[in-house]
Protein chains: 2
Amino acid sequence: MAIELKDLTKRADNYSQWFNDLVVKADLAEQSAVRGCMVIKPYGYAIWEKMQQQLDRMFKETGAQNAYFPLLIPKSFFSREAEHVKGFAKECAVVTHYRLRSSEDGNSVEVDPSAKLEEELIIRPTSETIIWNTYKNWIQSWRDLPLMCNQWCNVMRWEMRTRPFLRTSEFLWQEGHTAHATREEAEEEAKKMLDVYAKFAQEWMAVPVVCGVKSETERFAGALETYTIEAMMQDGKALQSGTSHFLGQNFAKSFDVTFLNKENKPEYVWATSWGVSTRLIGALIMTHSDDNGLVLPPRLAPIQVVVIPIGKGDEQMKAIADKLQPVIEQLRKVGVTVKYDDSDNKRPGFKYADYELKGIPVRIVMGGRDLENNTVEIMRRDTLEKETIGFEGLAEHIVSVLDDMQNNIYKKALDYRDTHIYECNDYEEFKQRVKDGGFFLCHWDGTEETEARIKEETQATIRCVPFGFEQTEGVDMVSGKPAKHRVIIARSY
Amino acid sequence: MAIELKDLTKRADNYSQWFNDLVVKADLAEQSAVRGCMVIKPYGYAIWEKMQQQLDRMFKETGAQNAYFPLLIPKSFFSREAEHVKGFAKECAVVTHYRLRSSEDGNSVEVDPSAKLEEELIIRPTSETIIWNTYKNWIQSWRDLPLMCNQWCNVMRWEMRTRPFLRTSEFLWQEGHTAHATREEAEEEAKKMLDVYAKFAQEWMAVPVVCGVKSETERFAGALETYTIEAMMQDGKALQSGTSHFLGQNFAKSFDVTFLNKENKPEYVWATSWGVSTRLIGALIMTHSDDNGLVLPPRLAPIQVVVIPIGKGDEQMKAIADKLQPVIEQLRKVGVTVKYDDSDNKRPGFKYADYELKGIPVRIVMGGRDLENNTVEIMRRDTLEKETIGFEGLAEHIVSVLDDMQNNIYKKALDYRDTHIYECNDYEEFKQRVKDGGFFLCHWDGTEETEARIKEETQATIRCVPFGFEQTEGVDMVSGKPAKHRVIIARSY
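Residues numbered from 1 in each chain as written. Chains lettered and ligands numbered in written order. Predicted model: local features only at pLDDT ≥ 70, side-chain atom pairs only at ≥ 80, totals over all residues. Heavy atoms only, no water.

1. Things to note about the overall build of chain A
Here is the rule we go by: Here a strand is any run of E in DSSP of at least two residues, a helix any run of H or I of at least four, and the numbering for each starts at the N terminus. The globule rule is 2.2 Å times the number of residues to the power 0.38, and the radius of gyration it is compared with is taken over C-alpha atoms. Buried means the residue's accessible area, taken with a 1.4 Å probe over protein chains only, is under 20% of the maximum for its type, while exposed means over 50%, and partly exposed covers the values in between. Residue contacts are counted whenever heavy atoms from the two residues lie within 4.5 Å of one another. The protein chains shown are the only cover counted for residues, whose accessible areas, like all others here, come from Shrake-Rupley with a 1.4 Å probe.
What chain A contains, in helices and strands, is 14 helices and 27 strands. For chain A, whose C-alpha radius of gyration is 26 Å, the value lies close to the compact-globule estimate of 23 Å for 493 residues. With the principal axes as the frame, chain A shows a C-alpha extent of 80 × 70 × 55 Å. Looking at chain A as a whole, 59% of its 493 residues qualify as buried. Taking the intrachain contacts of chain A between residues at least 6 apart in sequence as the baseline, contacts between residues at least 24 apart amount to 69%. For chain A, the computed accessible surface area is about 20500 Å², with 46% contributed by carbon and sulfur atoms.

Written as structure tokens, this is what we have:
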């Protein structure tokens, strides 16, 4: 299929449309025949695999182990934790039957009414309930703690308005569920996993994030605290990119999970859960990409270097290949993924545009003149800067360009973010400015009323009480009441 | 929880119970609260991860790419391929609603009748239909072919009788779906993937398999040919361990997937699909394990070597650790997974039994006397042979023991299999002998009637027409009619 790069909407014209276009044109994902569910295409999935590999390594370093729990959850499990069911009941896919039969005319199939389940089953929107029902059997004594399981799986939330990667009815994610003997340990675990997410976002995705704690309204259904990493997209909107929850003893109490402590006395277990999803791919796209297409951080790019030989005739093509082959081998030896594209059914200009669209970090081109001069042309995707250089130390140079690009796009995103965080003390000013995006640091009185009013009047929400900002007491800009700290308020995805 | 090894049923007493016991006692999996669905525990999941990693590598070497397609399939898609729907309609989980609401008494939740789907959705039992509906948009020209996608995911088939790993309502698997321009290329792909499965089974799982082609009755619903790998368990029963299907143009026609060939004329696309599942873990357990517990092939064992120091007091423990540490580091450097177990809350005898139960291939023990003599004791799990040896070349020796064990358990399984394959020409003899297990090479007239009669009278089924056996024409032992070749008949899981 021909790539119609010119049809890629410009960010300045319509940021939202640009994103939707890019997802499709860069071959990342597409809408499926099932409402709100996407097909993740091979190129998009390759990014997810790279993310998974690194996250999985980081989780295992903290002592978590992978496991797998059932897709379907008995309806009654849901009702056990009151807040939890309130949070998820409205968006559940419900299995009611287990068999189809031929229709009377024999031309189609229909649900077999005699195969009705006694109790309906819910496709997991998250797995706290089924996991804590299982943990009950795994935990008896303090020696069984901490218990730290993670699962990589699909979940389903029947969203009304969906967008690829950002909000889909089915999505892929990981959910960690840990059990601890003390409140302190569980709180520490929840914060530790938030740090893992922040580190991954910054060092691998090159996406700066604000870490913080959610307001009560925005908490995960059933949590005592929800910690979040919030990233800023290029339109100044916030994207909640990962959350970690301190669940207290809520699920332990709902599913009667106790342990005998060192004094041989029964206590309820303390819990956390934490997750990131394919939404991270949305964050990746929206943070770095530009009007020419994707910009991918080298550490997560499925193809890091593309090499395009442009020779006339077989002999010159072979001479070019002979020069490039040792460099490619050197790069592969140090773990760089290289694609050699000598296909002859596409013009070079088409290839350039396509690889720009797909966000390959480094492009190496070698033509007839380069062959004479013993040089290659290198282009890096972030700055689109080209340089013509010789073969001496070429592989090392490319590795350093990849490193530099990884750092550069992070710095660029950080600069953008930092110049779009504003302290604001006046609600009228806030209402005007928030439309243009950005994170607003405002004093908040801590009440749900103020929170609701801001949301209603500005479509902006309290993203979090940020960590690592020096906090001072002040006056709520909306209510005029005393406020203990500033929160980040922003429009969000 | 205490391990009660003595309660592990002996294979000779009740092979089936031994398997069920072992799955639970070795911490691989357990029954969940949802009918027919299992929880895969961390140790069982770690085996699956090792399998996935290697299979994924092998798939990618053939040019396949990973992708992800929706969990839910519109009911109407199912009816499009007539054989396919017949094969799967009777065991489908059906989603009919997308919301719950509070019950009238407010104490529970119930399905919200106003949230009924216009068209029911089926949880995928396999994904041919949704994938071919997607491929329609991806394939226009011969240049788009071959298209080779694989997905790692969960599927659901509402089985009436379930057993952990062998047959569960939900299971994890991979399903490859490829599209080709010619019949020959698709047939070749289906066979190639069968070879990949056979190679994996033999070289990684150490499980010998018979490759062959299924009878029409046993074919995948919608396939023109189903190729299979059949393994023999220690009770002589067959376990179908992986299948690869040549689907002809059936799905292309049902979903109208055509391409323009080099002459610019539209043709229907040719298809294959192929899959293996967590059932492979069942094959692994039942092929190698013994009355002491699991025996795992070193190449798939989550922990390959366990090191147990037995010292008196901190000083001796430290001296032992100092001696062992360099060996452990050497092993880890060459990719061997080593666990160092100096926990002091379990007796050595308990540890030995536990690691035997879990099938750790090599155990290294170092006690006070070893410290004096500068030796360690090594035990390998397959033969339970012990040797006391010095430190010179120890790491290399352990690596060679692991290799030897991998080969040895394969040979043992192969010997068992080969001495339990019988040529049989007499139906009365067959009926007597098939009860004791084994693969029976018998002439078959190729009719469904004979196949059905054998199944009815002996509970044995035609597993496949085996490849690589020299075939001669003969007489069907049941019907007395002429037969073109021998098939393998066996009882199976």
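2. Let's talk about the packing of helix 9 (residues 313-333) of chain B against helix 12 (residues 394-418) of chain B
Residue and element names in this part refer to chain B. Stated precisely, the cut-off is as follows: Axes, fitted as lines to C-alpha atoms, cover a helix only where it is in contact. Angles between the N-to-C directions of the axes lie from 0 to 180 degrees. Roughly parallel means an angle under 35 degrees; roughly antiparallel, over 145; roughly perpendicular, 65 to 115; everything else is oblique. By convention the crossing between two helices is left-handed if the near helix lies anticlockwise of the far one by an angle smaller than a right angle, and right-handed if it lies clockwise. Polar here means any residue other than Ala, Val, Leu, Ile, Met, Phe, Trp, Tyr, Cys and Pro, which are nonpolar, and Asp, Glu, Lys and Arg, which are charged; Gly is therefore polar.
One way to put it is that helix 9 packs onto helix 12 with a least axis distance of 9 Å and a crossing angle of 50 degrees. Classified by the angle their axes make, helix 9 and helix 12 are oblique. Helix 12 is crossed by helix 9, and the crossing has right-handed handedness. Of the residues in helix 12, those in contact with Val327, Gln330 and Leu331 of helix 9 are Leu394, Ala395, Glu396, Ile398 and Val399. Partitioned by chemical class, the residues of the contact of helix 9 with helix 12 number 6 nonpolar, 1 polar and 1 charged.

3. Points about the sheet that holds strand 17 (residues 305-310) of chain B
All names here are of chain B. Which entries qualify depends on this criterion: Pairing between strands is defined by DSSP: at least two bridges between the two strands are required.
With mixed pairing, 5 strands are arranged side by side in an open sheet as 18-17-19-20-21. Sheet topology places strand 18 (338-340) and strand 21 (386-390) at the edges, where each strand pairs with a single neighbour. Neighbour to neighbour, the strand axes of the sheet diverge by 25 degrees on average, direction disregarded. Helix 12 rests against strand 17, strand 19 (362-367), strand 20 (375-380) and strand 21 of the sheet, and its axis sits at about 10 degrees to strand 20.

4. As for the relation of the copies chain B and chain A
Both copies of the chain are related by one operation, a rotation about an axis with a shift along it. Just so we agree on the cut-off: Superposition of the copies was done by least squares, using only C-alpha atoms of residues whose pLDDT is at least 70 in both.
Expressed as a screw transformation, the operator carrying chain B onto chain A has a rotation angle of 180 degrees and an axial translation of 0.0 Å, and the superposed copies differ by an RMSD of 0.0 Å. Both chain copies can therefore be described as sitting about a two-fold axis. Closest approach to the rotation axis among the C-alpha atoms of chain B is made by Val95 of chain B, whose C-alpha sits 2.1 Å away. In this assembly, 100% of the residues forming the interface of chain B have copies in chain A that are likewise at the interface, indicating an isologous arrangement.

5. What about the interface of chain B and chain A?
Selection criterion: We define a polar contact as two N or O atoms separated by no more than 3.5 Å, with the added condition that, inside protein, one atom must be a possible hydrogen donor and the other a possible acceptor, whereas residues neighbouring each other in sequence contribute only through side-chain atom pairs.
Counting residues at the interface gives 66 residues for chain B and 66 residues for chain A. Taken together, the connections running from chain B to chain A amount to 28 residue pairs in polar contact (both at pLDDT 80 or more). Across the side of chain B that touches chain A, the residue classes break down as 38 nonpolar, 13 polar and 15 charged. Bridge analysis of strand 5 (residues 94-97) of chain A against strand 5 (residues 94-97) of chain B gives 3 bridges, and the strand direction is antiparallel. Opposite Val94 of chain A, over in strand 5 of chain B, you have His97 of chain B as the bridge partner.

6. Let's talk about the domain arrangement of chain A
We count it as follows: For the purposes of this description, domain bounds are those given by an automatic or database domain assignment.
Split into domains, chain A comes out as domain 1 (15-71 + 139-288), domain 2 (305-404) and domain 3 (420-491). Computed from C-alpha atoms alone, the centre-to-centre distance between domain 2 of chain A and domain 3 of chain A is 49 Å.

7. What to know about the nonpolar core
Going by this rule: Side-chain atoms within 4.5 Å link the members of a nonpolar core, which is a set of buried Ala, Val, Leu, Ile, Met, Phe, Trp, Tyr and Cys residues.
In terms of nonpolar packing, the biggest core is built from 275 residues, with Ile123 and Phe430 of chain A together with Ile123 and Phe430 of chain B touching the most fellow members. In this structure, Phe430 of chain A is in contact with Cys424, Phe440, Cys442, Ile454, Thr458, Ala460, Met477 and Ile489 of chain A, ignoring residues within four places of it in sequence. By size, the runner-up hydrophobic cluster in this structure holds 21 residues, among which are Ile328, Val336, Val362 and Ala395 of chain A.

8. With respect to the pattern of salt bridges
Residue and element names in this part refer to chain A. Here is the rule we go by: Salt bridges are counted wherever a side-chain nitrogen of Lys or Arg sits within 4 Å of a carboxyl oxygen of Asp or Glu.
Considering all chains together, one arrives at 62 salt bridges over all chains under this definition. Close ionic contact of Arg463 with Glu230 constitutes a salt bridge, the shortest N to O distance being 2.9 Å. Here Arg463, found in strand 24 (residues 461-466), pairs with Glu230, found in strand 12 (residues 225-232); they are 233 residues apart in sequence, far enough to count as distant. Accessibility assignment for this pair places Arg463 and Glu230 in one class, buried. As a salt-bridge pair, Lys431 and Glu428 come within 3.5 Å of each other at their nearest N and O atoms. With a gap of 3 residues between them, Lys431 and Glu428 both fall in helix 13 (residues 427-433), about one helical turn apart. Connected through shared salt-bridge partners, Glu428, Lys431, Arg453 and Glu457 make up one network.

9. Section: helix 5 (residues 128-138) of chain B
Judged by how many residues are buried, helix 5 of chain B sits mostly within the fold: 9 of 11 residues are covered. Every buried residue of helix 5 of chain B is listed here: Glu128, Thr129, Ile130, Ile131, Trp132, Asn133, Thr134, Tyr135 and Trp138 of chain B.

10. Concerning the environment of Ser114 of chain A
Residues and elements named next belong to chain A. You can see Ser114 is positioned in the loop between strand 7 (109-111) and strand 8 (116-123). The class for Ser114 is exposed, based on a relative accessible area of 53%. With 226 residues separating them in the primary sequence, Ser114 and Tyr340 have C-alpha atoms 58 Å apart. There is a polar contact of 2.7 Å between the side chain of Ser114 and the side chain of Asp112.

11. Describing the side chain of Asp56 of chain B
Among the structural elements, Asp56 of chain B can be located in helix 2 (residues 42-61). Residue Asp56 of chain B is classed as buried on the basis of its relative accessible area of 13%. At 2.9 Å, the side chain of Asp56 of chain B forms a polar contact with the side chain of Trp152 of chain B. Apart from the residues within four sequence positions on either side, Asp56 of chain B is in contact with Glu49 of chain A together with Asn66, Asn150 and Trp152 of chain B.

12. Comments concerning the packing of helix 2 of chain B against helix 6 (residues 183-203) of chain B
All names here are of chain B. Contact geometry for helix 2 and helix 6: axes closest at 11 Å, N-to-C directions at 145 degrees. The handedness of the crossing between helix 2 and helix 6 comes out as right-handed. The residues of helix 6 that touch helix 2, namely those facing Met51, Gln54, Leu55, Met58 and Phe59, are Met193, Val196, Tyr197, Lys199 and Phe200. Partitioned by chemical class, the residues of the contact of helix 2 with helix 6 number 8 nonpolar, 1 polar and 1 charged.

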